[in-house]
Amino acid sequence: MQPKPSPQEGNELSLNLQPELLDGMPGAGTSNGLETGEDVRVPMTSSSGPTGGRGATSRRVRAASHSHSHSHVHGHTRGNQESDSGETDLESGESSSSLSELRYILRWVKKSLPFIIILCAKLVIQHALGLAVAVGLFTTFMYVNKSIQTQVFLHDRRTKLHCAWLMLFLMSSSLLVFYTFYTQSLYRCLIIANPTIDFQNFWEVLWSVGVSNFIVKFVFMGLKCLILLVPSPLMAYRRRGQWYMLIEEVGQVYQVIAPVPLWFRYLVSYDEMDTSVGLTLGILLALIYLIMKLLGLYGQWGSLQKTFRSFFSYELNGAPASLAQCRDAGDICPICQADFKQPRVLVCQHIFCEECIAQWFNQEKTCPLCRTVITDKVHKWKDGATSAYLQIY
Ligand SMILES: [Zn+2]
Ligand SMILES: [Zn+2]
């Protein structure tokens, strides 16, 4: 009686078949039942009956009686659902259809999840070394970036030993990567040359570009550590900030240029290179890539020019504060809560140490006390931070 296909949805059909499936294998019933909200009712009803250890005939009888009760129960639920869906259709037909599509996709993902997990495990095992290097490089970057920012913030209280350790750490990580993959001579990526890898493989190119991007970041972070190691009397805080900014901007331009030879060669060396059409297409793609790169570099160039201007202009916020002004302000810097050092008075007449306010304007545009807008631009990267943006093309 049940398998007769009714002019309803696929759901209906699977439900009618359910009791027989359930009786065939009692264990499987529950897992099936969990798949959708509708199906949950089925195993619950069947489990109310006696389970296991019965003869085949009694099962069949039960199956018949159950299917009656199911269709009955289902009739009710379907009625409710139809009225519900009718309302939603009136409200928004599109959303309900997209919802059912979403449900379908979710069901598909649920069903194929074990296979996806198996596949992921296989990929992880296959590329264990590459993944380990990627994770290692990323954690190294995060750790050193955070540490450099902390040391820059600490200013006079920074520990030179820690800065030296950071530099050593960066150097040894880079050398370890170059040593591990010395057959590919990855260091050639740093001098904007092609490493010796098989350029037919897209993933290899992507991987080398990613790894060399991290190494370039490490080189420029090492330079920042060098600035940190310069003794305080030789370089003022403001000057340091400008150096960090310059290093970071130049580093970003370099990161844009560094992957060009790799991708260019990959795009030109087409698989179908023996045919002239393939070669032409490859050259065309490479040219489009180059144009895209040049446009990107043009944008970077403007930013770099601004940085250079700022680096050489050595501009300061506010004017030097007189002794009387300092006395009126209580002789205490509101930021560091100590005596003023090279005090500067802002347009809002608030006074701060030169270093304190310079540090503040690395991140803010307004006076720390009254929120008057003092500057129209925040100089990024003066705090020693390095952009985490991964330049993969
Ligand atoms: Zn201060
Ligand atoms: Zn103010």
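Here, every reference points to the structure presented above.
Below or above, wherever it landed, is the structure these notes cover. Worth saying up front: this structure is predicted, and the values here are computed from it rather than measured. (Residues numbered from 1 in each chain as written. Chains lettered and ligands numbered in written order. Predicted model: local features only at pLDDT ≥ 70, side-chain atom pairs only at ≥ 80, totals over all residues. Heavy atoms only, no water.)

### Digging into the sheet that holds strand β3 (residues 351–353)
Two pairing modes exist for strands in a sheet, parallel and antiparallel, and in both the strands are linked by backbone hydrogen bonds. Read across the open sheet, the three strands follow the order β1-β2-β3; overall the sheet is antiparallel. Either end of the sheet is taken by a strand with one partner, and the two such strands are β1 (319–320) and β3. Two strands pair when backbone bridges link them, and strand β2 (residues 343–345) and β3 are joined in this way by three bridges, in the antiparallel orientation. Its bridge partner being in β3, R344 is matched across the sheet by F352. (Pairing = 2+ DSSP bridges. Helix = DSSP H or I, 4+ residues; strand = E, 2+ residues; numbered from the N terminus.)

### Some remarks on the nonpolar core
General note: in soluble globular proteins, nonpolar side chains tend to be found buried as a group. With 37 residues, the main nonpolar core has L137, I148 and V177 as its most contacted residues. At the level of elements, α5 (128–154), α6 (160–180), α7 (202–229), α8 (237–257), α9 (260–268) and α10 (276–313) are the ones that each hand at least two residues to this core. When residues in this core are grouped by element, the largest group, 12 residues, is from α7. Setting aside its immediate chain neighbours within four residues, V177 contacts V133, L137, L186, V211 and I215. Counting eight residues, the second largest nonpolar core, distinct from the first, contains C326, C333, I351 and C356. (Core = buried A, V, L, I, M, F, W, Y, C linked by side-chain atoms within 4.5 Å. Buried < 20%, exposed > 50% of the residue type's maximum accessible area, 1.4 Å probe, protein only. Contact = heavy atoms within 4.5 Å.)

### Let's talk about the coordination of the zinc ion (ligand 2)
Every protein donor of the zinc ion (ligand 2) is listed here as C348 (SG), H350 (ND1), C367 (SG) and C370 (SG), and their distances to the metal cover 2.0 to 2.3 Å. Of note is the zinc ion (ligand 2), whose four donor atoms meet at the metal with angles of 107 to 112° in an arrangement that counts as tetrahedral. In terms of primary sequence, the donors binding the zinc ion (ligand 2) are separated according to C-x1-H-x16-C-x2-C. Taken together, the positions of C348 in the loop between β2 and β3 and C367 in the segment after α12 (354–360) put the pair 19 residues apart, joining distant regions of the chain. Both residues of the pair, C348 and C367, count as buried. (Donors = N, O, S within 2.8 Å, 3.2 Å for Na, K, Ca; no water. Tetrahedral: all angles 85-135°; square planar, octahedral: opposite > 155°, others 65-115°.)

### Details of the environment of Q342
Looking at the secondary structure, you find Q342 in the loop between α11 (323–328) and β2. Separated by 13 residues in sequence, Q342 and E355 place their C-alpha atoms 8.1 Å apart.

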